[in-house]
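Chain by chain, the residues:
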Amino acid sequence: MTTAVSVLEIRNLHVSVDTDTEGPREILRGVDLTVRKGETHAIMGPNGSGKSTLSYSIAGHPKYTVTEGTVTLDGEDVLAMSVDARARAGIFLAMQYPVEVPGVSVSNFLRSSATAVRGEAPKLRTWVKEVKQAMAGLEMDPAFAERSVNEGFSGGEKKRHEILQMTLLAPKVAILDETDSGLDVDALRIVSAGIEAVRAKGETGILLITHYTRILRYVKPEFVHVMAGGRIVDEGGPELAATLEDSGYDRYVKGVEPAAAVS
Amino acid sequence: MAVIDATGRPPAQAGAAPRPVRSRDPEDHAVPGGREEAWRFTPLRRLRGLLNGPVADSKVDVSVSAPDGVEIERLAPTDSRIGRVLTPADRPAAFAMARSDGGLSVTIPAEAALTEPVVVSLRGDGGVCYEHVLVELGPFATATVVLDHTGSATFAGNVEVFIGHGAALTFVTVQDWAEDSVHLGAHAYSVGRDARLRSFTITLGGDLVRLNPTVDYRGPGGDAELYGLFFTEAGQHQEHRLLVTHEARSCRSRVTYKGALQGEGAHAVWIGDVVIGADAVGTDTYELNRNLVLTDGARADSVPNLEILTGEVVGAGHASATGRFDDEALFYLMSRGIPADEARRLVVRGFFAEIVDRIDLPELRERVMSRVEEELAAVGV
Ligand SMILES: Nc1ncnc2c1ncn2[C@@H]1O[C@H](COP(=O)(O)OP(=O)(O)OP(=O)(O)O)[C@@H](O)[C@H]1O
Ligand SMILES: [Mg+2]
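Residues numbered from 1 in each chain as written. Chains lettered and ligands numbered in written order. Predicted model: local features only at pLDDT ≥ 70, side-chain atom pairs only at ≥ 80, totals over all residues. Heavy atoms only, no water.

Let's shift gears to the site of ligand 1. Residues and elements named next belong to chain A. The local shell around ligand 1 holds 17 residues, among which Ile 27, Lys 51, Ser 52, Thr 53 and His 211 are the closest. Contacts to ligand 1 include Thr 53, whose side-chain N or O atom sits 2.5 Å from an oxygen atom. Separating an oxygen atom of ligand 1 from a side-chain N or O atom of His 211 is a distance of 2.8 Å. Summarising the interface, the protein chains cover 74% of the accessible area of ligand 1, which totals 630 Å² for the free molecule. Elements represented by at least two residues in the shell around ligand 1 include exactly strand S1 (7-19), strand S2 (23-36) and helix H1 (51-59). Among the elements that line the shell around ligand 1, the one with the most residues is H1, at three residues. Here the shell around ligand 1 is built from residues that sort into four nonpolar, nine polar and four charged. (Near = heavy atom within 4 Å. Polar contact = N/O pair within 3.5 Å; in protein donor to acceptor, adjacent residues only side chain to side chain. Areas by Shrake-Rupley, 256 points an atom, 1.4 Å probe, with all protein chains shown as cover. Helix = DSSP H or I, 4+ residues; strand = E, 2+ residues; numbered from the N terminus. Nonpolar A, V, L, I, M, F, W, Y, C, P; charged D, E, K, R; others polar.)

Here it is, written out as structure tokens:
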């Protein structure tokens, strides 16, 4: 049976992290979330509430262990897939702190990645053009193509590079973990336009993690979720984001035991 | 024995580090205890006695292929060409000179323009052995010479390279030893006026490999580019200690060494000494070492040293950096759809490309890359 619309379904997700000192510690305590193709969801929540943990768990980072619950993409069991298989299935994570990869040039990296995700090497002529255009759209200097992945990139440059990858890989679901953090006004506008361009195609479901509403003025979510203490504690429309920015998370955090206290 | 360096001048006086003793007589060199600057990184116990020059109980199997016009000779120990470029700076080099029974000489005549490389293959077959190789490139000649070390050996080997004025030499030395080999090598290059050297030092195998490449210039306008590539595996010690001495005016040197390390106890050492003498105005030098640590348990030491005795240089700089290809980097590549083994290959290939792409010998290029990939595959992912 095929699903008409691509959909990422997260059900009752419990996740522990392997800490160096205290052994496993539960961070996510039953997250439910559904992201369909073309939809934009925002997740907001205080520091340490588990937002990055959620994104890493979906992408398959080895440090995080799913202890309960399911994640499926179009009905396929995502949790059974290796990290690279998840990406090939259509999951993309723009990381809060993109990693430096010494020795691998951006151009080589992008091509290897596109080849893996598309299942065949893109034709060189059209590929070069495609990359050029995407870089121009994000106002990235073409010289970046020859630099090592993320090495010596400024915070803003790293974020543009993440969105460049999202543009080229055209995922079914893109999780953007604080892509807006650390961007100045101009960079925020450029990066937002890049996200908007992917969204406008209607093929990608977006899960946007942020602390601020300023990016939501460019990338308008239909759904806003509040995460606190490892759970989604409130949901609403765009208006919820504005309320959160004004009044903060106090009313959610009270009574929620902090994740850090659980052993 | 008199102390004379390759330029024929007495060694530089000023400067921080004491100059090593230079002599052909092994007994002029103190037996290192391990704390000496020159030996502090080397596990002396793994040298299999080479510090004391054990008598050879085996021979390297030497074969040479060379285009017409290249002269290959066995020189007698008394031949004046031996020691013209290299005056040993330590015991193993002095013993190698004393015990090599002369030397194998490759002479490329003046103005020759070789289209095929000269290949000197040294194959060890198990025991203690010595060899002394001399390469002379006549004035205005151009050539590529490959020195290829394979097999198993406890080996001390010297190399003297004399480049005539206006000549251009590409010199490749490959250390593709079996896992149990020990190799100590003094490689001395003398660059003539307006001459050019491009050297590649490629170290892929051995239990312990320690090479001392040195470059001197006999006149102005010399240009030396020294490239190095090493892949240090679990338990291996690979050490490259370079010394580039600028005493002539307006010479250029570029040193670029890149190494990848993986596995428990892999240890790579890179020392890059550049000395710019008081008369060496117009010197242009830059040295770089980059290491890529692929797994836990591997260690890279990298020490660049620049000693400048004149204020009038065109450029003088160095850089050294050791990066880790860690689990986070692997996760990052995999999260973009790239399978783990390909991710590793991508990283290592990309890292070495800058060096490998410069080797003008397609077969050798292929061999180096496939050896690197073999070693990568060996560790698994
Ligand atoms: N690898 C880890 N080792 C130990 N603790 C971790 C690890 N990863 C996450 N945690 C802990 O899990 C909790 C949730 O962290 P997470 O990074 O998911 O929060 P977040 O909501 O993304 O916060 P922020 O808004 O600051 O980015 C925190 O208490 C954090 O310290
Ligand atoms: Mg976070």
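If you look at the interface, chain A gives 33 residues, while chain B gives 19 residues. Between chain A and chain B, a total of about 2000 Å² is buried, with carbon and sulfur atoms accounting for 69% of that surface. If you sort the residues of chain A by the area they bury against chain B, Asp 84, Val 99 and Pro 102 of chain A come out on top, with a joint share of 22%. One can count one salt bridge joining chain A with chain B. For Arg 336 of chain B, the salt bridge goes to Glu 162 of chain A, with nearest N and O atoms at 2.7 Å. Breaking the side of chain A that touches chain B down by element, the ones donating at least two residues are H1, helix H2 (83-89), strand S6 (91-94), strand S7 (101-105), helix H3 (106-118) and helix H5 (155-169) of chain A. Ranked by residues supplied to the side of chain A that touches chain B, first place goes to H3 of chain A with six residues. (Contact = heavy atoms within 4.5 Å. Buried area = accessible area lost by both parts, 1.4 Å probe. Salt bridge = Lys/Arg side-chain N within 4 Å of Asp/Glu carboxyl O.)

Within the structure shown, the criterion is met by eight aromatic pairs over all chains. Pairing Phe 109 of chain A with Tyr 332 of chain B gives two aromatic rings, centres 5.8 Å apart and planes at 20°, and the pair type is stacked. With Phe 109 of chain A in helix H3 and Tyr 332 of chain B in helix H2 (residues 327-334), the pair connects residues from two separate chains. Looking at Phe 109 of chain A, the relative accessible area reads 0%, which means it is buried. With 5.7 Å between their ring centres and 50° between their planes, Phe 155 of chain B and Trp 177 of chain B make a pair best called tilted. Separated by 22 residues along the polypeptide, Phe 155 of chain B in strand S5 (residues 142-163) and Trp 177 of chain B in strand S6 (residues 168-177) bring together distant segments of the chain. The same class applies to Phe 155 of chain B and to Trp 177 of chain B, which are both buried. A connected cluster of aromatic rings, assembled from ring pairs, spans Tyr 56 and Tyr 64 of chain A together with Phe 331 of chain B. Lying across the ring of Phe 351 of chain B, Lys 258 of chain B places its NZ or CZ 4.6 Å from the centre. (Phe/Tyr/Trp six-rings, centres within 6.5 Å; stacked < 30°, edge-to-face > 60°. Buried < 20%, exposed > 50% of the residue type's maximum accessible area, 1.4 Å probe, protein only. Lys NZ or Arg CZ within 6 Å of the ring centre and 35° of its normal.)

Right, let's talk about the coordination of the magnesium ion (ligand 2) for a bit. Residue and element names in this part refer to chain A. For the magnesium ion (ligand 2), the protein coordination sphere consists of Ser 52 (OG) and Gln 96 (OE1), at 2.0 to 2.3 Å. Here Ser 52, found in helix H1, pairs with Gln 96, found in the loop between S6 and S7; they are 44 residues apart in sequence, far enough to count as distant. Taking the relative accessible area as the measure of exposure, Gln 96 reaches 15% and is therefore buried. (Donors = N, O, S within 2.8 Å, 3.2 Å for Na, K, Ca; no water.)

Turning our eyes to something else, we now look at the side chain of Glu 131 of chain B. Residues and elements named next belong to chain B. With respect to the helices, strands and loops of the structure, Glu 131 is situated in strand S4 (residues 118-137). For Glu 131, the side chain forms a polar contact with the side chain of Arg 74, separated by 2.9 Å. The contacts of Glu 131, once residues within four sequence positions are left out, are Val 60, Val 62, Arg 74, Ser 100, Gly 103, Leu 104, Leu 122, Phe 155, Ala 156, Gly 157 and Asn 158.

Residues and elements named next belong to chain A. For strand S3 (residues 40-44), the tally of buried residues reaches five of five residues, placing the bulk of the element in the interior. Alternating positions in S3 separate into two faces, Thr 40, Ala 42 and Met 44 on one and His 41 and Ile 43 on the other, with burial throughout. As paired strands, S3 and strand S10 (residues 205-209) are joined by four bridges and run parallel to one another. For Thr 40, the partnering residue across the bridge sits in S10 and is Ile 206. For S3 and strand S11 (residues 223-228), the ladder comprises four bridges, and the chain directions are parallel. Residue pairing across strands places Ile 43 opposite His 225, the latter belonging to S11. (Pairing = 2+ DSSP bridges.)

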